[in-house]
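The lines below spell out each chain.
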Amino acid sequence: MTSTAGAPTLTRWFALIDSDHPEGILDLIAPDFRFSIVFGTGAGQATDFAGDREALEGYLRQREKGVLTHHVVSASADGHDELVLGETRRGEVFESTFVAAARLGADGAVRNLMIGRSPMLELHESD
């Protein structure tokens, strides 16, 4: 079962990143935005993309556009914090599992974002 109502900002983030205009995520971030995306590729290999808005713009320039899609499996929020669990797919084929956590400012803009992904763990259906 997919539940996205609990993390509306992160759900929108992943919809935008999968769209024809992934740079739309830049409209969701605060002026003091900081992030880290730990992008695991398997066999103990990972790249940590981290920094501020400028670093996020660099991340967007290097990523494959329109190839991978994000599928949120569960989402929740606690105050200004949002959390999601999901998977990325290349077409209909599993690519990786991801987790994302965002801390929002009082205005709803993303101030901090942490994403981790790994192709080494595929989610099982919950009972």
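Look above for the structure.
The text that follows walks through the structure, step by step, so that each part is easy to find.

Rules used in this analysis
- Residues numbered from 1 in each chain as written.
- Predicted model: local features only at pLDDT ≥ 70, side-chain atom pairs only at ≥ 80, totals over all residues.
- Heavy atoms only, no water.
- Phe/Tyr/Trp six-rings, centres within 6.5 Å; stacked < 30°, edge-to-face > 60°.
- Helix = DSSP H or I, 4+ residues; strand = E, 2+ residues; numbered from the N terminus.
- Buried < 20%, exposed > 50% of the residue type's maximum accessible area, 1.4 Å probe, protein only.
- Core = buried A, V, L, I, M, F, W, Y, C linked by side-chain atoms within 4.5 Å.
- Contact = heavy atoms within 4.5 Å.
- Pairing = 2+ DSSP bridges.
- Axes fitted to C-alpha atoms, helices over the stretch in contact; angles between N-to-C directions.

1. Notes on the packing of aromatic side chains
Within a pair of aromatic rings, the relevant descriptors are the distance that separates the centres and the angle that separates the planes.
So, point 1. Inspection of every chain in the model, using the stated rule, returns five aromatic pairs.
So, point 2. Where Phe39 meets Phe49, the ring centres are 6.5 Å apart and the plane angle is 80°; that geometry is what we call edge-to-face. Remark: Phe49 occurs in strand S2 (residues 45-51) and Phe39 occurs in strand S1 (residues 29-42); sequence separation between them is 10 residues.
So, point 3. Ring centres of Phe49 and Tyr59 lie 5.0 Å apart, and the angle between their planes is 65°; this geometry places the pair in the edge-to-face category. Within this pair, whereas Phe49 is found in strand S2, its partner Tyr59 is found in helix H2 (residues 53-62), the two being separated by 10 residues in sequence. As far as the burial class goes, Phe49 and Tyr59 line up, both buried.

2. Brief notes about the nonpolar core
As a rule of thumb, nonpolar side chains are buried together in soluble globular proteins.
So, point 1. One finds Trp13, Phe14, Phe33, Leu56, Val84, Val110 and Leu113 to be the most contacted residues of the largest nonpolar core, which totals 27 residues.
So, point 2. Residue assignment for this core shows that the elements contributing at least two residues are helix H1 (8-17), S1, H2, strand S3 (68-78), strand S5 (93-104) and strand S6 (110-118).
So, point 3. Broken down by element, this core gets its largest block of residues, five residues, from H1.
So, point 4. For Leu56, the contacting residues outside a window of four places in its chain are Trp13, Ile25, Leu26, Ile29, Phe33 and Phe35.

3. Re unusual backbone geometry
So, point 1. Positioned with a positive phi, Ala43 is a non-glycine residue whose angle comes to about 55°.
So, point 2. Within the secondary structure layout, Ala43 lies in the loop between S1 and S2.

4. Examining the sheet that holds S3
So, point 1. A sheet is described by the order of its strands in space; here six strands give the open sequence S2-S1-S6-S5-S4-S3, paired in mixed fashion. Each edge of the open sheet carries a strand with a single partner, namely S2 and S3. Across the sheet, the axes of successive neighbouring strands diverge by a mean angle of 15°, strand direction being ignored.
So, point 2. Sheet analysis places S1 next to S6, joined by seven bridges and oriented parallel. The residue of S6 that forms the bridge with Ser36 is Met114.
So, point 3. Across the face of the sheet, H2 comes into contact with S1 and S2 while running at roughly 40° to S1.

These figures capture arrangement, not role.
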